Amino acid sequence: MNETATQSAWDLFLTSLGPIAQGAVTGTIPLALASFAIGLSLALGLALMRLSRRRWVSGIARVYISIIRGTPLLVQLFVIFYGLPSLGILIDPWPSAVVAFSLNVGGYAAEVIRAAILSVPKGQWEAAYMIGMSHRRALTRIILPQAARVSVPPLSNTFISLVKDTSLASLILVTELFRQAQEVAAFSQEFMLLYLEAALVYWVICLALSSVQSILEKRLDRYVAH
């Protein structure tokens, strides 16, 4: 590659960095945050259902989790965006992506939360009951804060994976980081450069999220029973 070509590639890199970063800020991050928040709420409900003594309640959660874990995320996304219209249900690209990612996160995070709750020593439950707490109050005030500390690393990994998985939303025309890179690449025909640039931005985001994860773990240490 001669000096002129190198300079041209560098100029394209700098020029395209703005639109790609904008796609991350206005598309990828909000999409990941919204999907994770909804998915986490769903996961908590599923985890509690899995712990229920009622077999039919636990069974419903078990089947749901099995379906989500046993099918590709891309298929789930396509079923919602391309499949539901055949049933008369039309959903725009952005909400379709949020629904698909939320349902997926719910299926995977449910088992993480369930395992975290089960990891809390039974003595914590007994101590809560001895001081007159109800089951619900013991769960919210004693058990879940401790379970949260245990679940932070795997849930953080789930969120980091979700950030990368949002690139699949480009297939249903959601404007996010990778979609922006695709559009610039299609215009400039510099596919290798633009895709490597997108990968670099994803990597930087994931490094930042890993740092936040470490800080969050330290702050949650105070809730752990020693």
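Conventions adopted
Residues numbered from 1 in each chain as written. Predicted model: local features only at pLDDT ≥ 70, side-chain atom pairs only at ≥ 80, totals over all residues. Heavy atoms only, no water. Helix = DSSP H or I, 4+ residues; strand = E, 2+ residues; numbered from the N terminus. Buried < 20%, exposed > 50% of the residue type's maximum accessible area, 1.4 Å probe, protein only. Contact = heavy atoms within 4.5 Å. Areas by Shrake-Rupley, 256 points an atom, 1.4 Å probe, with all protein chains shown as cover. Lys, Arg positive; Asp, Glu negative; His and termini not counted. Charge placed at Lys NZ, Arg CZ, Asp CG, Glu CD. Patch = residues over 30% accessible without salt bridge, like charges linked within 9 Å, V, L, I, M, F, W, Y side chains within 5 Å. Salt bridge = Lys/Arg side-chain N within 4 Å of Asp/Glu carboxyl O. Core = buried A, V, L, I, M, F, W, Y, C linked by side-chain atoms within 4.5 Å. Arc of directions from axis to C-beta.

Participant: It is not clear to me how the overall build of the chain should be interpreted in this structure. Could you clarify?
Facilitator: Secondary structure assignment for the chain yields eight helices and zero strands. Each principal axis of the C-alpha distribution contributes one length, and for the chain these read about 75 × 45 × 25 Å. In the chain, buried positions account for 38% of the 226 residues. At a minimum sequence separation of 6, the contacts of the chain that also span at least 24 residues come to 74%. Roughly 12,900 Å² of accessible area belongs to the chain as shown, and the carbon and sulfur atoms make up 65% of that amount. Here the chain carries 17 positive and 12 negative side-chain charges, and the mean point of each set is 25 Å from the other.

Participant: Any chance you could explain a nonpolar patch on the surface here in plain terms?
Facilitator: Together, Leu74, Phe78, Tyr82 and Leu171 make up an exposed nonpolar region whose accessible area comes to about 340 Å². Within the secondary structure, Phe78 sits in helix H3 (residues 73-83).

Participant: Help me understand the nonpolar core, please; the structure alone is not making it clear to me.
Facilitator: Generally speaking, soluble globular proteins have nonpolar side chains that are buried together. Core analysis: the biggest nonpolar cluster contains 50 residues, and Ala97, Phe101, Leu162 and Leu177 have the highest contact counts within it. Breaking this core down by element, the ones donating at least two residues are helix H1 (3-50), helix H2 (55-70), H3, helix H4 (93-119), helix H5 (122-130), helix H6 (135-165), helix H7 (177-188) and helix H8 (191-220). Among the elements that make up this core, the one with the highest residue count is H4 (eleven residues).

Participant: Got a minute to help me understand H3 in this structure?
Facilitator: Owing to its 3.6 residues per turn, the α-helix brings residues three or four apart onto one side. What H3 keeps buried is the set Leu73, Gln76, Leu77, Ile80 and Phe81. Looking straight down H3, one finds its buried side chains confined to an arc of 115 degrees; they lie on one side.

Participant: Which parts of the structure should I look at to understand the pattern of salt bridges?
Facilitator: With the rule as written, the count across this model stands at three salt bridges. We note a salt bridge from Glu111 to Arg50, for which the minimum N-O separation is 3.3 Å. Residue Glu111 is located in helix H4, and its partner Arg50 is located in helix H1; the two are separated by 61 residues in the primary sequence. Take Glu111 and Arg50: they sit in the same class, and that class is buried. One network of salt bridges, with partners in common, ties together Arg50, Glu111 and Arg114.

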